[in-house]
Amino acid sequence: QKKTKKKDIAGVPGTGKTSTVIQALDALRSEEGGRQFKFLGINARKLSKPQRAYTLLWEAMTGKKCAPNRAVSLLQKHFRNTPATKDTWVILLDELDFLRSKKQEVLYNFFEWPNQKNSNIVVIGIANTIDLVERYLPGKINSRVSIDRIMFLPYSTKQLQEIISRRVDIVSNHARACTPFCVFDEEAKRLAAKKISGISGDARRALNLCRRALELAMERCEPGGKGYTSPLVRMQEVEAAIKEHGAVPIDFAMRSLSLVQHVLLCAVIDDLRILRADETTVKSVLEHYYLLFRTYHRKFPFHSVDVSGRREGDESVPSEEMLLVALKGLKQHGVISMSRDEGIHRRIQLEVAAEDVMLSLRDHEPMRSILSRVNLNFSAS
């Protein structure tokens, strides 16, 4: 294996990228005679803005706090002049997608610093976007920060079943200590694994499905333990959870949203499709919303529905303030996430499958027209 100071870990969510890296680093630290290093983990999603990563790195290395502009200047100087005997630092940049900035200088700096002579810094980036660096760093810069990439593929049915079994066995073993008892039927585990592997291969999603199936099984049991059967969770509970998993969470959210929020969500989805990206900005979504408004306001009553769904007499264009409130509502319902910084440059990511949104809106005639007209490849099923 070629030695490198830069690693890009890429793959869809829920495939164990972060946990694998953390376990590998822990194993390296615990190896007898292994090289010791200092570690800093930064979750970019939690940063108020990408440049905050400079402040966190400088504070970890020196114990001193300073503003991002000052921190990046000090870090540049530090890595140019670091003696070879200085401590080795391993920097884990999780949710790397959120380090994107206007000029992409944050991504560039973090992946360029390991190139400095004697810098003694190793950078590991974890991203949901497979070609993040190639896509967002210009060609010449890209060649200077060339990175080794490790791909995490979605879990297969067999792999998900093994993951589910290991988690369920912990509960089952605890139950067996009290009485001969089986928590999950094997066919039920297989069904859950098959369902999720066909959708996303996301282990977290599979475990959430199993947790809901267990909750449904517990609901049929009476207080005091009456009605408990072995196995407790059978095919029927998993099938019921699958129906909820594929429909209820997003359907419940969509039923709670106003028409304005439905259109905003369509604007988010179409914006991401056009950009071929995993995130967009509030500014871009608002522009996309107003484009839809100008195109369809005579056909659909966008102007007469506020974020609460109440009808108004004002036929003016929805205000930016109104749309920002509507976006916050989408965030509260868990269908989008937004970065912590304020204003129109806040970054937005979709937290539900676009296909699930389209299916949820299939019986909403105005939205069906919008979905088809903005080329979201919607088709009724």
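Residues numbered from 1 in each chain as written. Predicted model: local features only at pLDDT ≥ 70, side-chain atom pairs only at ≥ 80, totals over all residues. Heavy atoms only, no water.

J.: For this particular structure, what's the right way to read helix 14 (residues 320–332)?
T.: An α-helix turns once per 3.6 residues; consequently, residues spaced three or four apart project the same way. Look at helix 14: 18 Å from first C-alpha to last across 13 residues, which is about the 18 Å you get at 1.5 Å a residue. If you check which residues of helix 14 are buried, you get Met 322, Leu 323, Ala 326, Leu 327, Gly 329 and Leu 330. Each buried residue of helix 14 lies within a common arc of 155° when the element is viewed along its axis, so the set occupies one face. Across from the buried face of helix 14, at angles greater than 90 degrees, the exposed residues are Glu 321 and Gln 332. A positive phi of about 80° marks Gly 334, the residue just after helix 14. (Helix = DSSP H or I, 4+ residues; strand = E, 2+ residues; numbered from the N terminus. Expected span 1.5 Å × (residues − 1). Buried < 20%, exposed > 50% of the residue type's maximum accessible area, 1.4 Å probe, protein only. Arc of directions from axis to C-beta.)

J.: Can you walk me through the pattern of salt bridges in this structure?
T.: Here the idea is simple: oppositely charged side chains can pair when their charged atoms come close. Summed over all chains, the structure comprises 11 salt bridges. Here Glu 95 ties to Arg 45 by a salt bridge, and the two come within 3.7 Å at their closest N and O atoms. With a gap of 50 residues between them, Glu 95 in the loop between strand 3 (89–94) and helix 4 (105–112) and Arg 45 in the loop between strand 2 (38–43) and helix 2 (52–62) connect regions that are remote in the sequence. For Arg 45, a relative accessible area of 25% translates into the label partly exposed. Its salt-bridge partner being Glu 215, residue Arg 212 comes within 3.1 Å of it at the nearest N-O pair. Remark: Glu 215 and Arg 212 occur in helix 9 (residues 203–219); sequence separation between them is 3 residues, near one turn of the helix. (Salt bridge = Lys/Arg side-chain N within 4 Å of Asp/Glu carboxyl O.)

J.: How do you make sense of the sheet that holds strand 3 when you look at a structure like this?
T.: Sheets are built from strands paired through backbone hydrogen bonds, the pairs being either parallel or antiparallel. Spatial strand order, 2-3-4-1-5: 5 strands in an open sheet with parallel pairing. Two strands in the sheet have a free side with no partner beyond their single neighbour: strand 2 and strand 5 (148–152). Geometrically, the sheet is characterised by an average inter-axis angle of 15° between neighbouring strands, direction not taken into account. Alignment of strand 1 (residues 6–11) against strand 4 (residues 121–127), held across 5 bridges, turns out to be parallel. Counted as the bridge partner of Ala 10 is Ala 127 from strand 4. In this fold helix 1 (residues 17–30) packs onto strand 1, strand 2, strand 3, strand 4 and strand 5, with an angle of close to 155° to the strand it touches most, strand 4. (Pairing = 2+ DSSP bridges. Axes fitted to C-alpha atoms, helices over the stretch in contact; angles between N-to-C directions. Contact = heavy atoms within 4.5 Å.)

J.: Sorry, what's going on with the environment of Phe 37 here?
T.: Position of Phe 37 relative to the elements: it lies in the loop between helix 1 and strand 2. Given the relative accessible area of 12%, Phe 37 is considered buried. When the C-alpha atoms of Phe 37 and Leu 25 are compared, they prove to be 9.6 Å apart, with 12 residues separating the residues in sequence. When near neighbours in sequence (up to four residues on either side) are disregarded, Phe 37 contacts Leu 25, Leu 28, Arg 29, Thr 88 and Val 90.

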